[in-house]
Amino acid sequence: MGFFKNMGNPQGKLGNIQLKSMNKEHTPVSLWGLKHLDISPDDIILDVGCGGGMNVNRMAKEAKKVYGVDYSIESVNLSKEVNQDLIAQGRVEIHEGNVLDLPFEDDTFDIVTAFETVYFWPDIIKSFGEVKRVLKPGGMFLIGCESNGADNLIMKLSEKLMNMTVYDDGQLCDFLAQNDFNEIKAYLRDGKHKKEIIKFDGKVFTIDDDYDHFSISDKYVQWMTVTAKK
């Protein structure tokens, strides 16, 4: 598998190197996404496409328990390594699995997250339905992406090189609506002007964004977080 296509399903030594790099490079956009999530001490969370395990680690510091699932065995192994202390404490579990057939019972999780991963989901509408299945009634689904659509050169190249599909907020919100999610909201970051654009219930709001973690990408692409409730 080539370097770029390996990004979607990290394998071997190259995959391990890529995952460690992503743990670092995706930190700014992940932290920005997480600020839209209200985690309580009793929450049980699932991170789908957990990659190198850093977001599992972050959320486990606030939640009762966090599960990670990924179809890449390299991701599973690194996530276990990154979270070995929390696993020993019984606060984290990492599983190998596919979003189209999540290895969990119905109505299990208070929150499901998906950071930088929906680009690679093979049947996104069916995948969203599987996420809904494992969410508790009223549970929250959060999607974090580093770009709102592929209307810029960087993301157009990424689509071709990595065999991925870059969605915009309208598409993701429509896929969620098709699965009967409710309270669907899109949060978009205008890094150049330090603004956050919120789309909800047919309305658009703009607020100041004081997020100050350094990132090069937010000067070129519009970060996106989408949330919805079961």
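If you're wondering where the values come from, they're calculated on a predicted model, not measured in any experiment.

Reading guide: rules and limits
Residue numbers run consecutively from 1 along every chain, following the written order of its sequence. In keeping with the predicted nature of the model, local features appear solely for residues at pLDDT of at least 70, side-chain atom pairs appear and are counted solely at 80 or more, and the whole-chain, interface and lining totals rest on all residues. Values reported for side chains reflect all heavy atoms of the structure, with hydrogen atoms and water molecules removed beforehand. Here, nonpolar core means buried Ala, Val, Leu, Ile, Met, Phe, Trp, Tyr and Cys residues that are tied together by side-chain atoms lying within 4.5 Å of each other. Classification of residues uses two cut-offs on accessible area relative to the type maximum, computed with a 1.4 Å probe and protein chains only: under 20% is buried, over 50% is exposed, and between them is partly exposed. Helix numbers and strand numbers start at the N terminus; a helix is a DSSP run of H or I with at least 4 residues, a strand a run of E with at least 2. By definition, residues are in contact when any of their heavy atoms lie within 4.5 Å. Each residue carries a pLDDT score, the predictor's confidence in it, ranging from 0 to 100. Just to be clear on terms, a salt bridge is a Lys or Arg side-chain nitrogen sitting within 4 Å of an Asp or Glu carboxyl oxygen. As used here, the arc belongs to the directions running from the helix axis to the C-beta atoms. Any N or O atom pair separated by 3.5 Å or less is treated as a polar contact, with the protein-specific requirement of one donor-capable and one acceptor-capable atom, and with residues adjacent in sequence counted only for side-chain atom pairs.

Peer 1: What's the story with the nonpolar core in this structure? I'm lost.
Peer 2: Across soluble globular proteins, nonpolar side chains show a tendency to be buried alongside one another. Counting 36 residues, the largest nonpolar core has Leu46, Trp121, Phe128, Phe141 and Leu172 as its most contacted members. Contributions of two or more residues to this core are made by β1 (44-48), β2 (65-70), β4 (109-115), α6 (124-134), β5 (135-145), α8 (169-178), β6 (182-190) and β9 (223-229). The residues contacting leucine 172, other than those within four sequence positions of it, are Ile124, Phe128, Ile143, Cys145, Tyr167, Met224 and Val226. Counting 18 residues, the second-largest nonpolar core is a separate cluster that includes Ile39, Leu86, Val92 and Ile94.

Peer 1: Mind showing me how you'd approach the confidence of the model for the protein here?
Peer 2: Low pLDDT means the predicted atomic positions in that stretch should not be read closely. In the predicted model, the protein carries a mean pLDDT of 86, and the fraction of residues at 70 or more is 80%. Segment residues 1-21: pLDDT under 50, and 39 contacts once partners within four positions in sequence are set aside and those in other chains are kept.

Peer 1: So what exactly am I meant to see when it comes to the pattern of salt bridges here?
Peer 2: Oppositely charged side chains may form a pair once their charged atoms are brought near each other. Tallying each qualifying case throughout the model produces 11 salt bridges. Between lysine 65 and glutamate 93 there is a salt bridge, with its nearest N and O atoms 2.7 Å apart. Here lysine 65 is found in strand β2, whereas its partner glutamate 93 is found in strand β3 (residues 92-96), with 28 residues between them in sequence. Residue lysine 229 pairs with glutamate 183 through a salt bridge whose shortest N-O separation is 3.8 Å. Within this pair, whereas lysine 229 is found in strand β9, its partner glutamate 183 is found in strand β6, the two being separated by 46 residues in sequence. Judged by relative accessible area, glutamate 183 falls into the partly exposed class, the value being 42%. Put simply, Lys35, Arg189, Glu196 and Asp209 are held in one network by salt bridges that share partners.

Peer 1: Would you take a moment to explain α8 for this structure?
Peer 2: Three or four residues apart is the spacing at which side chains of an α-helix point the same way, because the helix has 3.6 residues per turn. Looking at α8, one finds that the buried residues are Asp169, Leu172, Cys173, Phe175 and Leu176. End-on view of α8: buried residues confined to an arc of 160°, all on one side of the axis. Lining the buried residues of α8 we find α6, β5, β6, β7 (195-200) and β9. Its side-chain oxygen at 3.1 Å from the backbone nitrogen of glycine 170, aspartate 168 defines the N-terminal cap of α8.

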